[in-house]
Amino acid sequence: FPYTTLFRSRVFAETLLAAARKDERICAITAAMPAGTGLDLFAKEFPKRFFDVGIAEQHAVTFAAALAADGMKPFCAIYSTFLQRAYDQVVHDVALQSLPVRFAMDRAGLVGGDGATHAGAFDLVYMSTLPGMTVMAASDEVELARMVATAASIDDGPSAVRYPRGEGWGLQMPEVAEPLEIGKGRILREGGSIAILSLGTRLSAALAAADKLAQYGLPATVADARFAKPFDRDLVRRLAREHEVLLTVEEGVVGGFSSQVIHFLAWEGILDRGIKIRPLVLPDRFQCQNTQDTMYAEAGLDANAIAAAALSALGRSEEAAAVGRIA
């Protein structure tokens, strides 16, 4: 990797190439999206292990399932919004068979100028509902590389990693991407009465929101869930028990990560103790195309909205309104 800002699709492709050089069973499949997913790089180096099936997502998934059943390690790279077309195949041909197909869901979340047709708003819901599916969401390009390595290491069932359109943060990439421990998140900042649990790329906004809250004398704990499924129950349990307010932040619609967290806390009995939970998700509508930053603000997923939600949960409505008006 050059230590420069890379498009996330390039990070995916470069990490997959590094893994494929060490393991000849790794192959790549896409449905008329080789350049968009970065797999054109894979095709140049490993043409016999690359398959572009055309605009036939259903076939791509079933083909990947067959390759997995034969001992190969297929990565099926399809934009999140177009993988919806093949959901029946994901369920019956992959998940039901517990086959280790690795789904790379590019363009997950809001996509700016590409508009509602390309916005990957639903994958956290439709993938996390499937038994045995491991679902990861990368907060930056280093995490994405590690999640691709993690997917390559999973041989006992299907997995998926979601990542957004656009460039990363210009972080220095590791020479070797080490796999993550399955189902374990991380805490980036320790705080007081407020905990912000982010899944995916809204982590930067969560950290910025914590900076704003600190200005009000409210240092916040910020955590990166990393996994939507299986999520880190010990981490969630700790955050809920040790904080007055718990915010979950995800770039997906209601029914995804936050719903699983709340379901877990309900059965743990932690909700009975009065924890204030505020799930921040995409709105229940198709957003018109705009810049990504504008769309995040409209969706209530930018730093101002996250900070305002925390203040509101604490009953500090005037301060919440003031934060919400900050440009």
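In this text the structure is predicted, and so the values were computed from the model without any measurement.

S.K.: Account for the packing of aromatic side chains, naming residues and giving values.
M.R.: For the coordinates displayed, the defined rule picks out eight aromatic pairs. When the ring of F51 is compared with that of F63, the centres are 5.0 Å apart and the planes differ by 90 degrees; the resulting orientation is edge-to-face. With F51 in strand β2 (residues 50-52) and F63 in helix α4 (residues 57-69), this residue pair connects regions lying 12 residues apart in the sequence. Accessibility expressed as a relative area gives 27% for F51, which makes it partly exposed. When the centroid spacing of 5.3 Å and the interplanar angle of 70 degrees are considered together, the rings of Y87 and Y126 count as edge-to-face. Here Y87 is found in helix α6 (residues 87-95), whereas its partner Y126 is found in helix α7 (residues 123-128), with 39 residues between them in sequence. Residue Y87 is classed as partly exposed on the basis of its relative accessible area, which comes to 24%. Members of the aromatic cluster, joined through ring pairs, are F231, F257 and F264. Between the NZ or CZ atom of R49 and the centre of the ring of F46, over which it lies, the distance is 4.1 Å.

S.K.: Residue-level account of the packing of helix α10 (residues 233-242) against helix α11 (residues 257-268), with values.
M.R.: Two packed helices can be described by the angle between their axes and the distance between those axes. Relative to each other, α10 and α11 sit at 70 degrees, their axes nearing to 11 Å. When the axes of α10 and α11 are compared, the pair comes out roughly perpendicular. Crossing angle aside, the handedness with which α10 passes α11 is right-handed. Of the residues in α11, those touching α10 at R233, V236, R237, A240 and R241 are V261, F264, L265 and E268. When its residues are assigned to classes, the contact of α10 with α11 shows five nonpolar, no polar and four charged.

S.K.: I'd love a proper account of helix α12 (residues 292-299), names of residues and values included.
M.R.: Among the residues of α12, those classed as buried are M295, Y296 and A299. One side of α12 carries all its buried residues, which in axial view fall inside an arc of 100 degrees. Count one or two residues on from α12 and you reach G300, which has phi positive near 75 degrees.

S.K.: Report on the confidence of the model for the chain, specifying residues and quantitative values.
M.R.: For the chain, the mean per-residue pLDDT works out to 93, and 96% of the residues sit at or above 70. Scored below 50 in pLDDT, residues 1-6 shows 18 contacts in the model against residues more than four places distant or in partner chains.

S.K.: Outline the state of the cysteines, listing residues and values.
M.R.: Disulfides are covalent bonds that link the sulfur atoms of two cysteine residues. Using the criterion set out here, one finds zero disulfides in the structure. Take C27: it sits in no disulfide, and the sulfur closest to it among the cysteines is that of C76, at 9.8 Å. Owing to a relative accessible area of 1%, C27 belongs among the buried residues under this scheme.

What counts, and at which threshold
Residues numbered from 1 in each chain as written. Predicted model: local features only at pLDDT ≥ 70, side-chain atom pairs only at ≥ 80, totals over all residues. Heavy atoms only, no water. Phe/Tyr/Trp six-rings, centres within 6.5 Å; stacked < 30°, edge-to-face > 60°. Helix = DSSP H or I, 4+ residues; strand = E, 2+ residues; numbered from the N terminus. Buried < 20%, exposed > 50% of the residue type's maximum accessible area, 1.4 Å probe, protein only. Lys NZ or Arg CZ within 6 Å of the ring centre and 35° of its normal. Axes fitted to C-alpha atoms, helices over the stretch in contact; angles between N-to-C directions. Parallel < 35°, antiparallel > 145°, perpendicular 65-115°, else oblique. Left-handed = near helix turned anticlockwise from the far one by under 90°. Contact = heavy atoms within 4.5 Å. Nonpolar A, V, L, I, M, F, W, Y, C, P; charged D, E, K, R; others polar. Arc of directions from axis to C-beta. pLDDT = per-residue confidence, 0-100. Disulfide = S-S within 2.5 Å.

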